[in-house]
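Fold and contact review
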Amino acid sequence: MPAAPAAPAVKRDRTHYLYIAVIVAVALGIAVGLIWPDAGVQLKPLGTGFVNLIKMMISPIIFCTIVLGIGSVRKAAKVGAVGGIALGYFLVMSLVALAIGLVVGNILHPGDGLHLTNALKATGHSQVDSEALGPVDFVLSIIPTTFVSAFTEGQVLQTLLIALLAGFALQAMGSVGQPVLRGVEHIQRLVFRILGMIMWAAPIGAFGAIAAVVGSAGLDALKSLAVLMLGFYVTCVLFVFIVLGALLRIVAGLNILTLFKYLAREFLLILSTSSSESALPRLIAKMEHLGVSKAVVGITVPTGYSFNLDGTMIYMTMASLYIADALGTPMSVGEQIPLLLFLLLASKGAAGVSGAGLATLAGGLQSHKPALVDGVGLIVGIDRFMSEARALTNFAGNSVATVLIGTWTKDIDKDRMRQVLAGELPFDETTLLDEGGAGTPELPEQREELAKA
């Protein structure tokens with residue numbers, strides 16, 4: 001027995017070196033982007049390829065997590081309650097993020113005194129993405145063409161729908177469905193093992209992504225738009241540490257820095273790839289390991305990635321005000337609020353669009369206030385740098401939301417959470433699953449329900 005824990009310790013050490021390599025790769029990427037910008041831009045496929053490898057695993061991981069979560073809960077109403085609380089919370093926090101961005105944007109007025117050229121106007125109009133969907137089309141797009149196409153098209157909400165249907169069906173089957181659940185559990189183990197293998201390519205992906213960003217933007221864009229960037233970063237920090245931090249302390253009694261320390265590697269991964277999706281599978285695994293039930297994790301995390309975009313809300317607010325000021329047509333508060341509420345809805349319709357932040361902003365302005373689309377070209381140069389702050393804020397919001405909703409629904413093991421955050425139950429970086437089973441053990445109430453069944 002003493003020899004058993006020794007093997008995981010060696011594996012954890014290896015992954016520790018992996019993330020040190022990611023930090024080194026980011027530094028090298030910045031250097032290449034600054035010294036040889038053209039070469040840096042050519043390295044972009046390295047970053048794109050790594051993020052695509054991660055995205056390849058998202059649909060099967062979400063499917064397995066939700067099916068196992070719902071299939072192990074005996075009361076369907078409990079799953080519905082989790083979904084209702086999650087959507088209500090996401091809406092409220094999106095409005096709070098919009099309000100904070102509105103206040104800071106009106107204080108800073110970062111767009112004053114800028115000049116718009118015809119080239120920038122054309123660049124702005126080119127960002128209007130025809131893929132963005134209206135509300136009705138968006139709802140219809142959640143329904144996949146076939147049962148299998150949900151996995152092949154990479155649409156998170158389509159996978160979520162199929163997984164919910166499968167989970168409820170297995171729940172209704174009772175003991176007859178147990179062999180299927182065990183099969184899904186083995187598939188989950190396989191998928192997480194593959195993800196663990198893919199993570200070894202993280203340094204290469206981080207190097208290529210950062211080199212391309214720095215090489216394409218350069219220092220000139222950063223200097224000219226420093227006020228907007230810094231204002232956006234400060235706003236995101238205030239939102240995360242004051243609003244989310246206070247909520248986490250009041251509701252769950254947890255220090256937000258302690259939670260972020262536990263998720264430090266995921267934040268590093270997002271920072272190096274500018275994509276919050278690159279950390280989605282690991283967030284699911286880590287939240288289950290933390291002690292949040294499978295049902296809460298399976299519903300909250302995937303749904304949050306489409307509906308709980310706090311960083312994107314702040315970005316669209318400040319960018320809209322910046323563009324209006326830069327064009328010499330500042331908006332009154334009476335004009336700002338309807339536009340921002342429209343962008344709040346538009347962001348849901350473009351949740352699955354690549355580069356959703358800039359595309360959603362351009363598409364929303366095109367629909368609601370076309371004159372402002374000319375100014376979107378002003379922020380194209382620094383959008384990728386702002387994208388990192390958007391992704392980090394979105395990820396922080398979804399990690400906090402998972403703990404809060406688990407607390408509200410009493411589907412979180414507080415003792416386990418304390419042990420995990422204290423380092424007494426380390427996360428297995430190799431399998432991304434707990435020893436002896438897929439995901440976190442059932443809560444006491446779930447064990448009682450399973451025993452009765």
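Rules and cut-offs
- Residues numbered from 1 in each chain as written.
- Predicted model: local features only at pLDDT ≥ 70, side-chain atom pairs only at ≥ 80, totals over all residues.
- Heavy atoms only, no water.
- Core = buried A, V, L, I, M, F, W, Y, C linked by side-chain atoms within 4.5 Å.
- Buried < 20%, exposed > 50% of the residue type's maximum accessible area, 1.4 Å probe, protein only.
- Helix = DSSP H or I, 4+ residues; strand = E, 2+ residues; numbered from the N terminus.
- Contact = heavy atoms within 4.5 Å.
- Phe/Tyr/Trp six-rings, centres within 6.5 Å; stacked < 30°, edge-to-face > 60°.
- Lys NZ or Arg CZ within 6 Å of the ring centre and 35° of its normal.
- Polar contact = N/O pair within 3.5 Å; in protein donor to acceptor, adjacent residues only side chain to side chain.
- Axes fitted to C-alpha atoms, helices over the stretch in contact; angles between N-to-C directions.
- Left-handed = near helix turned anticlockwise from the far one by under 90°.
- Parallel < 35°, antiparallel > 145°, perpendicular 65-115°, else oblique.
- Nonpolar A, V, L, I, M, F, W, Y, C, P; charged D, E, K, R; others polar.
- Patch = residues over 30% accessible without salt bridge, like charges linked within 9 Å, V, L, I, M, F, W, Y side chains within 5 Å.
- Areas by Shrake-Rupley, 256 points an atom, 1.4 Å probe, with all protein chains shown as cover.
- Salt bridge = Lys/Arg side-chain N within 4 Å of Asp/Glu carboxyl O.

Moving on: the nonpolar core. Membership of the largest hydrophobic core comes to 122 residues, with the highest contact counts inside it found for Leu 248, Leu 259, Met 287, Leu 361, Ile 379, Val 400 and Val 403. The element best represented in this core is helix α3 (residues 44-71), accounting for 12 residues. What Val 400 contacts, discounting residues up to four positions off in sequence, is Tyr 89, Leu 244, Leu 248, Ile 256, Leu 259 and Phe 260.

In this section: the packing of aromatic side chains. In total, this model carries 8 aromatic pairs according to the counting rule given. Ring geometry for Tyr 89 against Trp 408: centres 5.8 Å apart, planes inclined by 65 degrees, an arrangement best described as edge-to-face. Separated by 319 residues along the polypeptide, Tyr 89 in helix α4 (residues 76-108) and Trp 408 in helix α19 (residues 380-408) bring together distant segments of the chain. Taking 6.4 Å as the distance between ring centres and 45 degrees as the angle between the ring planes, the aromatic pair formed by Phe 232 and Tyr 233 counts as tilted. Of the aromatic side chains, those joined through ring pairs into one cluster are Phe 241, Phe 260, Phe 267 and Phe 395. One Lys or Arg, Lys 286, reaches over the ring of Tyr 262 and ends 4.9 Å from the middle of that ring. Sitting over the ring of Tyr 315, Arg 390 keeps its end group 4.1 Å from the ring centre.

Further remarks concern the environment of His 289. Tracing the backbone through its elements, the reader meets His 289 in helix α14 (residues 280-290). The spacing of His 289 and Val 420 is 131 residues in sequence and 7.8 Å in space, taken between C-alpha atoms. Of the polar contacts made by the side chain of His 289, one reaches the backbone oxygen of Leu 425; its length is 2.7 Å.

Before going further, it helps to spend a moment on the packing of helix α11 (residues 226-252) against helix α16 (residues 310-326). For any two helices packed against each other, one specifies the crossing angle of their axes together with the interaxial distance. Direction vectors running N to C along α11 and α16 enclose 145 degrees, while the axes themselves pass 10 Å from each other. Every pair of crossing elements has a handedness; the one defined by α11 and α16 is right-handed. Here Leu 228, Gly 231, Phe 232, Thr 235, Cys 236 and Phe 239 of α11 lie close against α16, whose contacting residues are Asp 310, Gly 311, Ile 314, Tyr 315, Met 318 and Tyr 322.

As a further point, take the packing of α14 against helix α15 (residues 294-307). Packing of α14 against α15 brings their axes to within 10 Å, and their N-to-C directions diverge by 155 degrees. Between α14 and α15, the crossing angle belongs to the class labelled roughly antiparallel. In terms of crossing hand, the pair formed by α14 and α15 is right-handed. Of α15, the residues touching α14 (which contributes Leu 280, Leu 283, Ile 284, Met 287 and Glu 288) are Lys 294, Val 297, Val 301 and Tyr 305. Class assignment for the residues of the contact of α14 with α15 results in 7 nonpolar, no polar and 2 charged.

Now for a nonpolar patch on the surface. Taken together, Leu 91, Leu 95, Val 333, Ile 337 and Leu 341 make up a surface patch of nonpolar side chains, about 420 Å² in accessible area. Where the nonpolar patch is concerned, the elements lending two or more residues are α4 and α17 (333-349). Sort the elements by how many residues they give to the nonpolar patch and α17 lands first, with 3 residues. With respect to the helices and strands, Ile 337 occurs in helix α17.

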